[in-house]
Amino acid sequence: MTQSLTVLGIESSCDETAVAVVRRDAAGKVEVLSSVIHSQVVAHAQYGGVVPEIAARSHVETIDSLAVRALLEAGDVTLDAVAATAGPGLIGGVMVGLSFAKGFALARDLPLIPVNHLEGHALSARLTEDVSFPFLLLLVSGGHCQLLSVKDVGDYERLGTTIDDAAGEAFDKIAKVLGLGYPGGPALEACAKTGDATRFTLPRALLGRKDCDFSFSGLKTAAAKVAHEEVKTEQDRADLCASVQTAITRQLIDRSDRAMKAFIEQNSVTAPDFVVAGGVAANAAIRNALKETSAKNGFTFVAPPLKYCTDNAAMIALAGLEHYQKQGTMPRDVHADMAALARPRWPLDEARSKSAPIHKSQGRKGAKA
Ligand code: KG4
Ligand code: ZN
């Protein structure tokens, strides 16, 4: 770590438009100078999920003013680079953020760093915690559910992934069937509080399997069937929510436990960190259960503050900054910067899987998640 760096980050891959300014000083201390977010939840709520066209238009409408706010809040800073999410995500939204970043970089004569959104999540804990490499990461959001061995900045090995839906997607879809609104995760968690988790027996796929993969589509179908046939009262609904939350938690625990054992076999480190990131990490029952599993396996449990668990631009700025710092200098190549592509799919372990394709099960969504 040699120089102090300040980076503007831009995030627009799903239904949050976000801009942030993050600085890391020469001693390695990270400071989030500003982090502003515009959530589109209200615009999508009536459709029960994110509508890509509405999302892209909303990013266009808000990104300029958010950038102005983030820069004003950061105060008198000299920027060293611009980092923007270049994928994976909804392509319209990614293009809006990336194009804005290109224009900004060109106008200010700054290098542009295209960032993998998943890498933002992977490194988000380093915004606030002293997490060192290698560490084990559980990334659980609306679009992703994977376990990764994070070896260094830019070096990720995927230990497991979902073969169908992401955990957040299961929360959202089941909540929708139960009429709980969007986003479903927080609503389902609230409803589960007064429910009996033992009332309904739901499938718990892949438990005990030697790999670290996930599957939630069977649970989703079974829960929808129970919802249609057996949920008549508020108590029935709460009981189903509690049963669903427990089934999802059990699977996350079982798969994480398996990954912890694999990680320990691969890495000779004592008390490694187990980091959980992504929107589902906001769920208190899931957090508590993962904390216990971490302690049982000799891991230190780390969860970023909730505002950095869900989509934000501070994590994108940090990921860009970490790449910049790892490289030492950022050669100014305006042609390469302007040629950066928006990618709907961009697996985080791309470099490794090209040289050694370890993963066969990529699910119907392909390599996105
Ligand atoms: O990371 P995120 O903000 O966006 C991406 O998907 O990248 O995650 C959003 C997901 C949604 O599926 C939402 O329902 C879920 O995180 N979520 C929760 C909770 N809060 C958000 N799921 C369960 N319990 C929660 N408290
Ligand atoms: Zn995300």
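Residues numbered from 1 in each chain as written. Chains lettered and ligands numbered in written order. Predicted model: local features only at pLDDT ≥ 70, side-chain atom pairs only at ≥ 80, totals over all residues. Heavy atoms only, no water.

Caption draft 1: Spotlight on the overall build of the chain. For the chain, the count of helices and strands is 13 helices and 10 strands. Whereas a compact globule of 369 residues would reach a radius of gyration of roughly 21 Å, the chain reaches 20 Å, a difference of no more than 12%. Expressed along its principal axes, the backbone C-alpha trace of the chain runs to roughly 60 × 50 × 35 Å. Within the chain, counting contacts between residues at least 6 apart in sequence, those at least 24 apart form 74% of the total. (Helix = DSSP H or I, 4+ residues; strand = E, 2+ residues; numbered from the N terminus. Rg over C-alpha atoms; globule rule 2.2 N^0.38 Å. Contact = heavy atoms within 4.5 Å.)

Caption draft 2: Examining the sheet that holds strand S1 (residues 5-11) more closely. Across the sheet, five strands lie side by side as S3-S2-S1-S4-S5; this open sheet has mixed pairing. Whereas interior strands pair on both sides, the edge strands pair on one side only; in this sheet they are strand S3 (30-39) and strand S5 (112-116). For this sheet the average axis-to-axis angle between neighbouring strands, irrespective of direction, equals 20 degrees. Where strand S4 (residues 81-87) and S5 come together, five bridges link them in parallel fashion. (Pairing = 2+ DSSP bridges. Axes fitted to C-alpha atoms, helices over the stretch in contact; angles between N-to-C directions.)

Caption draft 3: Quick look at the nonpolar core. Ranked by size, the top nonpolar core spans 50 residues in total, and within it Phe216, Leu240, Ile248 and Phe274 carry the most contacts. At the level of secondary structure, the elements contributing two or more residues to this core comprise strand S6 (135-140), strand S7 (145-152), helix H5 (167-177), helix H6 (184-192), helix H7 (217-230), helix H8 (234-266), strand S9 (273-277) and helix H9 (284-296). With 12 residues, H8 is the single largest residue contributor to this core. Not counting residues up to four positions away in its chain, the partners in contact with phenylalanine 274 are Leu136, Leu138, Leu147, Ser256, Met260, Leu290, Ser294, Phe299, Thr300, Phe301 and Val302. By size, the runner-up hydrophobic cluster in this structure holds 36 residues, among which are Ala122, Val131, Tyr156 and Tyr324. (Core = buried A, V, L, I, M, F, W, Y, C linked by side-chain atoms within 4.5 Å. Buried < 20%, exposed > 50% of the residue type's maximum accessible area, 1.4 Å probe, protein only.)

Caption draft 4: Here's a closer look at the state of the cysteines. Across all of its chains, the model carries zero disulfides by this definition. Cysteine 145 supplies the cysteine sulfur nearest to cysteine 14, a cysteine that is in no disulfide, at a spacing of 16 Å. (Disulfide = S-S within 2.5 Å.)

Caption draft 5: Structural detail: the confidence of the model for the chain. Looking at the chain as a whole, its pLDDT mean stands at 91, while 95% of the residues score no less than 70. Taken together, the stretch residues 357-369 has pLDDT below 50 and engages in 35 contacts with residues farther than four places along the chain or on a different chain. (pLDDT = per-residue confidence, 0-100.)

Caption draft 6: Representation of the packing of aromatic side chains within the structure. In the structure shown here, the tally under the stated rule is five aromatic pairs. Relative to phenylalanine 216, the ring of phenylalanine 214 has its centre 6.2 Å away and its plane inclined at 15 degrees; by these criteria the two rings are stacked. The same class applies to phenylalanine 214 as to phenylalanine 216, namely buried. Between phenylalanine 274 and phenylalanine 301, the aromatic rings sit 6.4 Å apart at their centres with planes inclined by 35 degrees, giving tilted as the arrangement. Taken as a pair, phenylalanine 274 in strand S9 and phenylalanine 301 in strand S10 (residues 300-302) lie far apart in primary sequence, 27 residues in all. (Phe/Tyr/Trp six-rings, centres within 6.5 Å; stacked < 30°, edge-to-face > 60°.)

Caption draft 7: Focus on the coordination of the zinc ion (ligand 2). Taken together, the protein ligands of the zinc ion (ligand 2) are His117 (NE2), His121 (NE2) and Asp311 (OD), with distances of 2.1 to 2.2 Å. Geometry at the zinc ion (ligand 2) is irregular, judged from its four donor atoms and the angles of 91 to 140 degrees they form at the metal. (Donors = N, O, S within 2.8 Å, 3.2 Å for Na, K, Ca; no water. Tetrahedral: all angles 85-135°; square planar, octahedral: opposite > 155°, others 65-115°.)

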